[in-house]
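Listed below are the residues making up each chain.
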Amino acid sequence: MKRESRTVEFALNGAAVSAAVDPGSRLSEVLREDLGLKGTKVGCEAGDCGACTVLLDGEQVCACMVPAGQVAGRDVTTVEGLTAKGALNALQQAFHRHGAAQCGICTPGMLMAASDLLRRNAKPNRRAVMDALGGVLCRCTGYRKIVEAVLDVAKAQAPPVDPPAGAAVGARLAKVDGEGKLTGVEAFGDDVAPRDALLLRVARAPHARARFVIGALDRLYADHPGLLRVLTADDVPGNNGFGIYPHIKDQPVLAEDRVRYRGEAVLALVGEAAAIRAIPEEEIPIVWRPQEAVAGIESALAPDAPAVQEDKPDNVLTRGRLVKGDVDAGFAAADHVVEGAWQTGFVEHAYIEPEAGFARRVGDRIEVTVTTQAPYMDRDETAQVLGIAPEQVRIVPSACGGGFGGKLDVSVQPLLALAAWLTGRPVRCAYTRPESMASSTKRHPARITARAGCTGEGEITAFRFHGDFNTGAYASWGPTVADRVPVHCTGPYFVPNVAASSTAVLTNEPPAGAFRGFGVPQAALAHEALMDMMAEQAGIDPIEFRIKNALAAGLETATGQRLEASVGLVDCLEKVQPYWEDWRTAAVMRNAVKKTVKRGVGVGCMWYGCGNTSISNPSTMTVGVSRDGRVTLYNGAVDIGQGANTVMIQICADALGVPAGIVGYIMGDTDRTADAGKSSASRQTFVSGKAAELAGADLRAQILRLTNAGPKAIIEIGKRRITVRDGADRHEIDLAALPELEAGDVLRGSGTFDPPTTKLDENGQGVPYGTYGFAAQIAEVEVDVDLGTVKVRRMVAAHDVGRAINPVQVEGQIHGGIAQGLGLALMEEYLPGRTENLHDYLIPTVGDIPEIEVIIVEDPEPLGPYGAKGIGEPALIPTAPAILGAIYQATGLRMTRLPVTPDRLRAAILAHEKDGGNG
Amino acid sequence: MGSYLRPTALGQALEALGEGPRTIVAGGTDHYPARVGRQIDEDVLDISALRELRGIADTRKQVRIGALTTWSDLVRAPLPAWFDGLKQAAREVGGLQVQNAGTLCGNVCNASPAADGVPSLLALDARVELSARDRVRELPLSEFITGNRRTQRGHDELVTALILPKPGKGARSTFLKLGARKYMVISIVMVAGVLVPGRGGKIADLRVAVGACSEVAQRLSALEADLTGRPMAAALAKPEHLAPLGPIDDIRGTAAYRRDAALTLVRRALARLMIAP
Ligand SMILES: Cc1cc2nc3c(=O)[nH]c(=O)nc-3n(C[C@H](O)[C@H](O)[C@H](O)COP(=O)(O)OP(=O)(O)OC[C@H]3O[C@@H](n4cnc5c(N)ncnc54)[C@H](O)[C@@H]3O)c2cc1C
Ligand code: FES
Ligand code: FES
């Protein structure tokens, strides 16, 4: 029941407004819904994320915690109030220059928090900037570029100049979609629905395993006239199941008679927004019969464990396996053998934008506008749920406020489509934060045992690995993790004899899916610790040890793939080595005198195959020129903040031979762009980037052919004509004279690329990926040994990206990856039912991020566009191992259970002291 | 249907509370987070327009913190050294957004075991002023908060102020918070201390309180008694001084860890207090 509305008068962005609102509702809701200002974002409604930060009488507050009634007679400034006459202000320009907005969902909050500071202090120092931004979370950037941008506002700067034709690749081009993110104009998943859209709300399982019955609904309908439709499993016209794999659609859109994890969708209420919000949870007639739930890998694999899915009595979803050489012989030849066991928990993606979107029915088609990483997969998934042809579904990606793998699986898509399909009305939905956290996929908890051996000279001879991965109640990406992990488990080293296995285990816990690295970050904990242990036993410096064993062109990986080129690991290690030596020595000297706060330095390396494992994952890109000379890249590679829009244009523009500034784009709309695959597996720059290069080259070839010009000719695309200069010759194409091909375009080039891979045989041998990224990171930490707290002070990250198409964005990925790696190492653990919000589930704030020096190594990949390969996931993988290594130097303790929370580390320190150990 | 009142005079507010219970909202920073995904339809008394309740007033014997005083108000106010600990706590409550809106009284009334303001206020012997339409009473803070999110406030009462008796001359204070990240973090343990130095390097008065280690933050009276009158240089806390604490295991830390960390923080707080500024 809503309160009666009252007129509240206040100044909004300098103009007087008078709005009839519920005075007890949140200011954020009033701004967004009543006044239509969607620039203020909502990530939690609990004060935790700061995305809703606005200025109230010039001071930053969270609009989600301000009663609308309290703004009467006061001044409210939102992000929409920052731009004067549509031009970016100095702060916004600084953000743009620095690449401080990635996905942009936190950006309005960051800008408002920074504005508050700058009004009081025009030249703040770093500390003051961090204090001012401390209440706004960002999951993408690692905060470094945001802080730099705020520090840089005071300095007058020339606006960036767009690179000329042929010089876009490698340029520090500002994001092509950057401005909208800075002005609040960019529309995210919850910003797109028409005003008259109905609201959909999902009722979810409060139990991890239960049977249920839905009672009679007449009462509910009668008591809530605005409730138009209650959707249950019976309403699903097609297949009531979804899942990443074509043959495993095991997760119901709406549960049928049982639920398998807490947070599973049971029914959906559809109707007028106010009425739907007002329905008390208790009035929804679901009768529960809870059952004993399977929690954790150990209980799932116990002989008498109940089956999570009835057709999998042993709770094993799938197994992965890899055998190379003779591992027993390898161990027999080793002089030093080391081993260990590691354990990690669920990790939440914690994108600041919860799942959201809207759907509408257009004749016999359905259109879903949604925040997503995978529009074509969404299309096919939605179609099979509705029982219609994929062509009848159109997915239009909104801006995506962070994904990190969590928006690869469908969430609201099938529900919204179903509701709009059945009611014929537009329907919207945005998950609340607790709902998002309870229902969405997570990083797989892992239980790993591994063993490695080396000769006295430090040559690795054998590696054995087993990982159990808790894949939760449904398959999601579980098989991918089980496949990807054995391939990567040795780390980026040459190992002649390997035996690896993995198991994806079903439990009554949230489905574990894709999260930046697909299990490889967990495996990296093991291989990097083993490297350190072997180095120690062999008496070799850890970096020297890694260099000695590093993969290099000409060597074979654990799958028997011979690497031909672009293996920059040694280069990365050599780049971090000088820092390593300085920092290690300094730490030893300091620790000799400091009793309580100990320093340590650690190293982590990684490798990561770009693209899907051993399966085709093609991408097609198209670029067109319209009759009036507009160049459009039809880009199916969704920009989830990583900058795909910008990178694709940089690549395509250079291939076509025109300035990047003239290339426009359409992103991800399945009606208007070809399938470029999903934005995951660090594949877009490598795979879709190559397709964009081929598309640009194709269009260029056509233009040159039409004008009989040579390959070096210069192309200028003008308003109605294309001019081609070939030495002294000058040709023209009259665009108006050409017949239209499609969507107003008279010329079109297209390109498709599918990285060359082969299937893996029963021993896991083959060519799983076209290329690999490599990196080495070092971290310096300070451990307060009396409290068990760890502060990461600084890091150096050297990454071989083949070619940095846009160095700003590469740095941004590395900063953001490090921030997430730090969270994984030190603070993040999702516990179903217990940490379903952003104050109990902690992610790093601006104050937790170390200084980061990024070193970009470019060992070109011949297959990639201009030599480029991926960086998205590689950025995160080495961070936790480096931090653990640093904790070891500081304390003498090898922590094997993540996250290393203060209580765990302190307990380990106390146990160690009791054992009389001193490192 | 829920009604929403936002009176401009205290009398009106107390009158309204006298007519029936209402949810009181000040800064809203505990109110809204407790209602995520729920329709907010209760009867609300928004006290934010009661201007007379905002601000810090110094009378001769005591300092009065009005109910609408925000954390930021406190940080910005020029106050003597014995407020340093409370100010330090204020700077570590949430982010600036929360400090700008949230009130000290709201923190006390919400009565979370991890309320960062409470240990400092306990160490300052704070009293809570409760006003109803027909009466005003004062309770020691230690009696006001009775448990996890439970207080002695009657349905018809509004907390109108926190009252701090002035400690002895030269008093200084400190606050230490332990959390698992830098900003916006719920305390695992926090410790507040107030020291009045005496002659000859002796401790004239000492008060130490520990939060997040029991349902309600606790003063360590045995420690205070042991150390009062002793030389500052010999101020050592022993594990048995933590007897009043009853920490529990939760997502932020184990009970054993809390006890251990509390001792470390108490020792560090003492060390800080003993150093003359
Ligand atoms: C992101 C975030 C971070 C936070 N971090 C911290 C932290 O680090 N440490 C910490 O201690 N707290 C923290 N808090 C909690 C909160 O900000 C504080 O408790 C704050 O001081 C509450 O004040 P308020 O005015 O906003 O209270 P409100 O939300 O308005 O009210 C809180 C409660 O007190 C009652 N109440 C308020 N005023 C009165 C009154 N005068 N008389 C009677 N009852 C009253 C209300 O009815 C309600 O039950 C955080 C909150 C958020 C959202
Ligand atoms: S939406 Fe307001 S803080 Fe997250
Ligand atoms: S850019 Fe900050 S959350 Fe994405």
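Residues numbered from 1 in each chain as written. Chains lettered and ligands numbered in written order. Predicted model: local features only at pLDDT ≥ 70, side-chain atom pairs only at ≥ 80, totals over all residues. Heavy atoms only, no water.

**Student:** Help me out: how do you make sense of the overall build of chain B in this one?
**Tutor:** Broken down by element type, chain B carries nine helices and 14 strands. By its C-alpha atoms, chain B is 60 × 45 × 30 Å across when sized along the principal axes. Here chain B holds 277 residues, and 56% of them are scored as buried. Carbon and sulfur atoms provide 50% of the accessible area of chain B, an area that totals close to 11000 Å². Put simply, chain B has 37 plus and 28 minus side-chain charges, and the middle of one group is 7 Å from the middle of the other. (Helix = DSSP H or I, 4+ residues; strand = E, 2+ residues; numbered from the N terminus. Buried < 20%, exposed > 50% of the residue type's maximum accessible area, 1.4 Å probe, protein only. Areas by Shrake-Rupley, 256 points an atom, 1.4 Å probe, with all protein chains shown as cover. Lys, Arg positive; Asp, Glu negative; His and termini not counted. Charge placed at Lys NZ, Arg CZ, Asp CG, Glu CD.)

**Student:** Would you explain the overall build of chain A in this entry?
**Tutor:** Each helix and strand in chain A was counted, giving 22 helices and 33 strands. The C-alpha radius of gyration computed for chain A amounts to 27 Å, which stays within 12% of the reference 29 Å derived for 919 residues, consistent with globular compactness. Considering only C-alpha atoms, chain A reaches an extent of 80 × 75 × 60 Å along its principal axes. The buried share of chain A, taken over its 919 residues, is 66%. Counting contacts in chain A only where the partners sit at least 6 residues apart, residues at least 24 apart contribute 77% of the total. (Rg over C-alpha atoms; globule rule 2.2 N^0.38 Å. Contact = heavy atoms within 4.5 Å.)

**Student:** Just to check I follow, could you spell out the nonpolar core for this structure?
**Tutor:** If you look at the biggest cluster of nonpolar residues, it comprises 184 residues, and the most contacted ones within it are Phe95, Leu133, Phe465 and Ile887 of chain A. Element by element, the count of residues in this core is highest for helix 15 (residues 520–538) of chain A, at twelve residues. When near neighbours in sequence (up to four residues on either side) are disregarded, Phe95 of chain A contacts Ala100, Ala101, Thr107, Met110, Leu111, Ile146, Ala149, Val150 and Leu182 of chain A. Ranked by size, the runner-up nonpolar core spans 72 residues in total, among them Val76 of chain A together with Leu17, Ala90 and Val216 of chain B. (Core = buried A, V, L, I, M, F, W, Y, C linked by side-chain atoms within 4.5 Å.)

**Student:** Before we go on, may I ask you to explain the pairing of strand 17 (residues 393–397) of chain A in this structure?
**Tutor:** Every regular strand shows the same layout, with side chains that alternate between the two sheet faces. All names here are of chain A. Among the five residues of strand 17, four are classified as buried, and the element is accordingly described as predominantly covered. Here five bridges tie strand 16 (residues 365–370) to strand 17, and the two strands are oriented parallel to one another. Bridge pairing in strand 17 places Ile366 opposite Val393. One crossover worth recording links strand 16 to the parallel strand 17 by way of helix 11 (residues 375–386), and it is right-handed. (Pairing = 2+ DSSP bridges. Right-handed = clockwise from strand over helix to strand, strands pointing away.)

**Student:** Sorry, what's going on with helix 22 (residues 902–914) of chain A here?
**Tutor:** Because an α-helix packs 3.6 residues into every turn, residues spaced three or four apart end up facing the same way. Given a rise of 1.5 Å per residue, 13 residues ought to cover 18 Å, and the 18 Å separating the end C-alpha atoms of helix 22 of chain A matches this to within 8%. Three or more residues of helix 22 of chain A are buried, namely Pro902, Asp903, Leu905, Arg906, Ala908, Ile909 and His912 of chain A. Buried residues along helix 22 of chain A sit in contact with strand 31 (772–784), strand 32 (789–800) and helix 21 (879–891) of chain A together with helix 9 (255–274) of chain B. One or two steps after helix 22 of chain A, the chain reaches Gly916 of chain A, where phi turns positive at roughly 75°. (Expected span 1.5 Å × (residues − 1).)

**Student:** Help me understand the environment of Gly456 of chain A, please; the structure alone is not making it clear to me.
**Tutor:** All names here are of chain A. Within the secondary structure, Gly456 is located in the loop between strand 20 (446–454) and strand 21 (460–472). For Gly456, a relative accessible area of 31% gives the class partly exposed. For the pair Gly456 and Thr471, spaced 15 residues apart in sequence, the C-alpha separation works out to 39 Å. Among all residues touching Gly456, those that are not within four sequence positions of it are Asp335, His336 and Ala538.

**Student:** Got a minute to help me understand the site of ligand 1 in this structure?
**Tutor:** Close to ligand 1 lie 34 residues, the nearest being Ile24, Thr29, Asp30, Thr103 and Asp116 of chain B. What surrounds ligand 1 is not a single chain but chains A and B. At a separation of 2.7 Å, an oxygen atom of ligand 1 approaches a polar backbone atom of Ala26 of chain B. Summarising the interface, the protein chains cover 90% of the accessible area of ligand 1, which totals 970 Å² for the free molecule. Going through the elements one at a time, strand 2 (23–25), helix 5 (104–110) and strand 10 (158–165) of chain B are the ones with two or more residues in the shell around ligand 1. (Near = heavy atom within 4 Å. Polar contact = N/O pair within 3.5 Å; in protein donor to acceptor, adjacent residues only side chain to side chain.)

**Student:** Help me understand the domain arrangement of chain A, please; the structure alone is not making it clear to me.
**Tutor:** Each domain of chain A was delimited in the assignment, giving domain 1 (198–292 + 355–430), domain 2 (522–610 + 769–914) and domain 3 (619–753). A C-alpha centroid distance of 40 Å is found between domain 1 of chain A and domain 2 of chain A. (Domains from an automatic or database assignment.)

**Student:** Looking at this model, I keep getting lost on the interface of chain A and chain B. Mind explaining?
**Tutor:** As a measure of interface size, the accessible area lost when the parts come together is often cited. In this complex, chain A contributes 64 residues to the contact, which on the side of chain B involves 49 residues. A combined buried area of about 4400 Å² lies between chain A and chain B, and 55% of that area is made up of carbon and sulfur atoms. Summed over the shared surface of chain A and chain B, the result is five salt bridges. Notably, a salt bridge pairs Asp840 of chain A with Arg252 of chain B, separated by 2.8 Å at the nearest N-O pair. Seen at the junction of chain A and chain B, the total is 23 residue pairs in polar contact (both at pLDDT 80 or more). Elements with a minimum of two residues in the side of chain A that touches chain B: strand 4 (59–62), helix 3 (107–120), helix 4 (126–133), helix 8 (273–278) and helix 22 of chain A. In terms of residue class, the side of chain A that touches chain B is made up of 26 nonpolar, 17 polar and 21 charged. (Buried area = accessible area lost by both parts, 1.4 Å probe. Salt bridge = Lys/Arg side-chain N within 4 Å of Asp/Glu carboxyl O. Nonpolar A, V, L, I, M, F, W, Y, C, P; charged D, E, K, R; others polar.)

**Student:** I would appreciate a short explanation of the pattern of salt bridges in the present structure.
**Tutor:** Oppositely charged side chains can form a pair if their charged atoms are brought close together. The full count for this structure, using the stated rule, is 82 salt bridges over all chains. A salt bridge links Glu811 of chain A to Arg172 of chain A, with the shortest nitrogen-to-oxygen separation between them at 2.8 Å. Of this pair, Glu811 of chain A sits in helix 20 (residues 807–826) while Arg172 of chain A sits in the loop between helix 5 (144–152) and helix 6 (178–183), and the two are 639 residues apart along the sequence. Accessibility expressed as a relative area gives 15% for Glu811 of chain A, which makes it buried. Note that Glu42 of chain B and Arg35 of chain B form a salt bridge whose closest N and O atoms lie 2.7 Å from each other. Beyond isolated ion pairs, a larger network of salt bridges with shared partners links Arg32, Glu33, Lys38, Lys41, Asp190, Asp191 and Arg428 of chain A.

**Student:** Whenever I open this one, the sheet that holds strand 3 (residues 53–56) of chain A confuses me. Can you help?
**Tutor:** Sheet strands pair by backbone hydrogen bonding; their relative direction is either parallel or antiparallel. Residues and elements named next belong to chain A. With mixed pairing, five strands are arranged side by side in an open sheet as 2-1-5-3-4. Edge positions in the sheet fall to strand 2 (15–21) and strand 4, since each of these pairs with one other strand and no more. Taken over all neighbouring pairs, the strand axes of this sheet differ in orientation by 40° on average, direction set aside. Strand direction decides the pairing type here: strand 3 and strand 4, joined by four bridges, are antiparallel. (Axes fitted to C-alpha atoms, helices over the stretch in contact; angles between N-to-C directions.)

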